[in-house]
Amino acid sequence: MLKPNSYRTGPDMAGRFGSHGGRFAAETLMPLILELEAAYRAAQADPGFRDELNYYLAQYAGRPSPLFFAERLTAHFGGAKIYLKRDELNHTGSHKINNCLGQILLARRMGKTRIIAETGAGQHGVASATVSALFGLPCTVYMGEVDVQRQQPNVFRMKLLGAEVIPVSSGSRTLKDALNEAMRDWVTNVNDTFYIIGTVAGPHPYPELVRDFQSVIGEEARQQMLLAEGRLPDTLVACIGGGSNAMGLFHPFLDDEGIEIFGVEAAGDGIETGRHAASITGGRPGVLHGNRTYLLQDDDGQIIEAHSISAGLDYPGIGPEHAWLHDVGRVNYVSATDAEALAAFQLCSKLEGIIPALEPAHALAYVAKIAPDLPKDHIIVMNMCGRGDKDIFTVAGMLGVEV
Amino acid sequence: MIDGRARIEARFAKLQAEGRAALVTYVMSGDPDLETSARIMAGLPAAGADIIELGMAFTDPMADGPSIQVAGLRALKAGITLAKTLAMAADFRRQDTETPIVLMGYYNPIHAFGVPEFLAAARAAGIDGLIIVDLPPEEDAELCLPALAAGLSFIRLATPTTDDNRLPAVLANTSGFVYYVSYSGITGAGSADADTVASAVARIRRQTDLPIAVGFGIRTPEQARDMAAVADGAVVGTAFTDAVRNSLDADGKATAATVAAVLDLTQALAAGVAASAREG
């Protein structure tokens, strides 16, 4: 495949990143999707929009998040210097708030009066419920029944924030089914409802606008790294379910070709077992949830249920821009198993006093694989995209501890 | 081989001569099992179905309500595949050369099958048209244009949100008929009143000469009669997947009542559509 002049120009007018992306949506939604795109273009051209977003990012979400030199993890692995981008310190405990603030400001500009969202781990649901409370809009969150069970603290948080949480009992009862159900709500309530999609997926322009709202992560990391080390990092690592935290970190660095980039998918019980959530490593291109991308599917195009200890990575697809970055070879997509993530979760807690979410624990598990063999002047930036309070029950269960 | 557009055109011409609208029946292919499904399909024309929409099961049917979702999962569990659906249609076509068959579903199973391979197989099976929920005009290059080139109709959904500015884009590559979705929502969730639908149909008719069928929310012979009075066809889906479900045994298997449940409903709906013609 021909190397592009820049990796940052997508999507094209049709919402494509190479052959991925697009607008594979029902006709009922198409007028609204086109209206959203027009509203986003108008917002991009309006400095007042950026100012308003920056105000809330700073004063409400607590940005910029620190870039922390993890000395003890670095010493433990004995190789590369490891920096953690501390997006788990944002208000609500993950990177999801960056995108939710951007989208709810758009919703207000469009005059929408009701918010819906899907959630897996509950982080996006909590962030959506939070911004809805902030702006006084009713919010309905769809969440798979399996995830409702394993993420009880977040379900309660959403309810405290005034959101209605609807458990989804269809299909695999996880994130993919929550997305189906949110789409069904949206089709039904298309006139007054804004759908805050939580990841860099869905019909165009969602992958683009979520990426843009999350790119604050990489933009900050770039400046912070220059201040800390006087140079850019050598390696970036982030976990990937749909891929919004990863895209947010990666995108501002894509044209710095010396930087090696790793997206870590969830390998569940192991890729070879078939019980995993690694859409690029173990899937092939197809069309689901409004876009073409790599999907876990059988020979007949039926979607295969994903498996991961992490509810936030338990999704059979991946954002279309990641699919393209894989096709053109700019980003390396690798994977970490449940067991590896669990080990990294404990290691990070003990060595750095940071309890990571199970999602970034996958990223750390990959850092653990590469850091020991890299020279001491090699710099890795890993996105610590969420905190692990929500996961303590899952982890306790895995470790055979009763909480 | 008869061109897929010709068979649909001929069917609407015949109905127009008879002075009545079409009863379009949506049944899920392979539900509750392939053999029962084939018997249902074979019986539909004699029971009064004018056009058969054959649902292609998909694990993630985003525009469908619970009844059609579950019907698709039943069919998948019983082993349906796109290839088997095409084979069933081909068997039907050997017995019936006049009733149009329209495949309805989502794009991914076709994407996985391969578009050129699928179009060739669909033509060979005697399929006349396609309704693919997640392929709006913006994605016409994917399947719509190749399907038209292969001699299949591509039937587009128009919805209450499709305003006059957008309608020309929706109609541009539509052929066979236009499927007007009577309310914004998922299948089986609501119903629209005939007056609202009549004005929407009139709005579409100002921009196309194609027949207009109305679907979503038509369950009873009375509703079919009312919609048939204001459109060229009435599409019924969820009532059929409900009829199948209600006829199953405790293990979800077909019973002696299953085929009859669907065909009896077809007869009742056909009587409703015919009643509208007498009144009209």
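Now for a description of the structure that goes with this document. Within every chain, residues take consecutive numbers counted from 1 along the sequence as written. Think of it this way: whatever chain is written first is A, whatever ligand is written first is 1, and the rest follow in order. Only residues with pLDDT of 70 or above have their local features reported here, since the model is predicted, and side-chain atom pairs are shown and tallied only from 80 upward, although totals for entire chains, interfaces and linings are computed over all residues. Only heavy atoms go into the side-chain values, all of them from the structure, while hydrogens and water stay out.

**Structural notes on the overall build of chain B**
The condition is simple: Only runs of H or I of at least four residues qualify as helices and only runs of E of at least two qualify as strands under DSSP, and these elements are numbered from the N terminus. For a compact globule the rule gives 2.2 Å times the number of residues to the power 0.38, and the radius of gyration it is set against comes from C-alpha atoms. Burial classes: relative accessible area under 20% of the type maximum marks a residue as buried, over 50% as exposed, and values in between as partly exposed (1.4 Å probe, protein chains only). Per-residue and other accessible areas follow the Shrake-Rupley method at a 1.4 Å probe size, with only the shown protein chains counted as cover for residues. His residues and chain termini do not enter the charge count, which takes Lys and Arg as positive and Asp and Glu as negative. Where a charge lies is defined by one atom per residue type, namely NZ (Lys), CZ (Arg), CG (Asp) and CD (Glu).
Scanning chain B from terminus to terminus reveals 12 helices and 9 strands. Computed over its C-alpha atoms, the radius of gyration of chain B comes to 17 Å, within 12% of the 19 Å expected for a compact globule of 280 residues. Counting only C-alpha atoms and orienting by the principal axes, one finds that chain B spans roughly 50 × 40 × 35 Å. Burial status across chain B gives 62% buried among its 280 residues. In the form shown here, chain B has an accessible surface area of approximately 9900 Å², with 54% of it arising from carbon and sulfur atoms. With 22 positive and 33 negative side-chain charges, chain B shows a separation of 3 Å between the mean positions of the two kinds.

**What about the interface of chain A and chain B?**
Let me state the cut-off plainly: For this analysis, residues touch if any pair of their heavy atoms sits within 4.5 Å. When two parts are put together, the accessible area they lose, computed with a 1.4 Å probe and summed over both, is reported as buried area. What counts as a salt bridge is simple: a side-chain nitrogen of Lys or Arg found within 4 Å of a carboxyl oxygen of Asp or Glu. Under the scheme applied here, ten amino acids are nonpolar (Ala, Val, Leu, Ile, Met, Phe, Trp, Tyr, Cys and Pro), four are charged (Asp, Glu, Lys and Arg), and all others, including Gly, are polar.
Every contact between the two is made by 35 residues of chain A and, on the other side, 35 residues of chain B. Together, the buried faces of chain A and chain B total about 2800 Å²; carbon and sulfur atoms form 51% of this surface. Put simply, chain A and chain B have 5 salt bridges between them. Notably, a salt bridge pairs K176 of chain A with D60 of chain B, separated by 2.8 Å at the nearest N-O pair. At the level of secondary structure, the elements contributing two or more residues to the side of chain A that touches chain B comprise β2 (20-24), α1 (30-44), α8 (175-188), β11 (284-288) and β12 (290-295) of chain A. In the side of chain A that touches chain B, the residues fall into 14 nonpolar, 10 polar and 11 charged.

**Focus: a nonpolar patch on the surface**
Residues and elements named next belong to chain A. As a reminder of what qualifies: Exposure above 30% relative accessible area and the lack of any salt bridge qualify a residue for a patch; like charges then connect within 9 Å, and the nonpolar side chains Val, Leu, Ile, Met, Phe, Trp and Tyr within 5 Å.
Together, I355, I392, F393, M398, L399, V401 and V403 give the surface a local cluster of nonpolar side chains, amounting to about 640 Å² of exposed area. Along the chain, I355 falls in the loop between α14 (338-352) and α15 (358-370). What makes I355 partly exposed here is its relative accessible area of 42%.

**Some details on the packing of aromatic side chains**
Each aromatic ring pair is characterised by the separation of its centres together with the angle its planes make. Residue and element names in this part refer to chain A. Inclusion rule: Planes of paired rings set the category: under 30 degrees apart is stacked, over 60 is edge-to-face and the rest tilted, where pairs are Phe, Tyr or Trp rings (Trp by its six-membered ring) whose centres lie within 6.5 Å. We count a charge as sitting over a ring when the NZ of a lysine or the CZ of an arginine lies within 6 Å of the ring centre and within 35 degrees of the ring normal.
What the rule picks out here adds up to 16 aromatic pairs over all chains. Taken together, a centroid distance of 6.1 Å and an interplanar angle of 55 degrees make the contact between Y7 and W324 tilted. Within this pair, whereas Y7 is found in the segment before β1 (16-17), its partner W324 is found in helix α13 (residues 320-327), the two being separated by 317 residues in sequence. Both residues of the pair, Y7 and W324, belong to the buried class. One aromatic cluster is present, built from ring pairs that chain together Y40, F49 and F213. Positioned over the ring face of F69 is K81, at 5.0 Å from the centre of the ring. Here the guanidinium or amino end of R86 rests over the ring plane of F68, the centre of that ring lying 5.7 Å away.

**So, the packing of α14 of chain A against helix α16 (residues 392-399) of chain A**
Residue and element names in this part refer to chain A. Here is the rule we go by: Geometry is summarised by axes, namely lines fitted to C-alpha atoms with helices restricted to the contacting stretch, and by angles between N-to-C directions that run from 0 to 180 degrees. In these notes the angle categories are as follows: under 35 degrees is roughly parallel, over 145 is roughly antiparallel, 65 to 115 is roughly perpendicular, and the rest is oblique. Should the near helix be turned anticlockwise from the far one by less than a right angle, the crossing is termed left-handed; should it be turned clockwise, right-handed.
Orientation of α14 relative to α16, taken along the N-to-C sense of each, is 110 degrees, at an axis distance of 12 Å. With respect to α16, the axis of α14 lies roughly perpendicular. In the crossing of α14 with α16, the sense of the turn from one axis to the other is left-handed. Packed against α14, whose contacting residues are L342, F345 and Q346, the element α16 presents V395, M398 and L399 at the interface. Split by residue class, the contact of α14 with α16 holds 5 nonpolar, 1 polar and no charged.

**What about the pairing of strand β4 (residues 81-85) of chain A?**
Residues and elements named next belong to chain A. Rules: Here the rule is simple: two strands pair whenever DSSP picks up at least two bridges between them.
Most of β4 is tucked away, with 4 of its 5 residues classed as buried. Here strand β3 (residues 67-69) runs beside β4; their pairing, made up of 3 bridges, is antiparallel. Looking at the pairing, L67 lines up with K85 of β4. In this sheet, strand β14 (residues 379-383) lies alongside β4 in parallel orientation, the contact comprising 5 bridges.

**Quick word on the nonpolar core**
Within soluble globular proteins, side chains that are nonpolar tend to cluster in buried spots. Short version of the rule: Nonpolar cores were defined as sets of buried Ala, Val, Leu, Ile, Met, Phe, Trp, Tyr and Cys residues, with membership established by side-chain atoms within 4.5 Å.
L106, W186, F194, Y195, L249 and F250 of chain A are the most contacted members of the largest nonpolar core, which totals 89 residues. Beyond its immediate sequence surroundings of up to four residues, W186 of chain A is in contact with L29, L32, I33, I116, T193, Y195 and Y206 of chain A.

**A word on the pattern of salt bridges**
Counting across every chain of the model gives 43 salt bridges over all chains. Between R86 of chain A and E88 of chain A there is a salt bridge, with its nearest N and O atoms 2.5 Å apart. Judged on exposure class, the residue R86 of chain A and its partner E88 of chain A are both buried. Across the pair R7 of chain B and D128 of chain B runs a salt bridge, and its minimum N-O distance is 2.7 Å. Taken together, the positions of R7 of chain B in helix α1 (residues 4-18) and D128 of chain B in the loop between α6 (115-124) and β4 (129-132) put the pair 121 residues apart, joining distant regions of the chain.

Any link to function would need more than the numbers given here.
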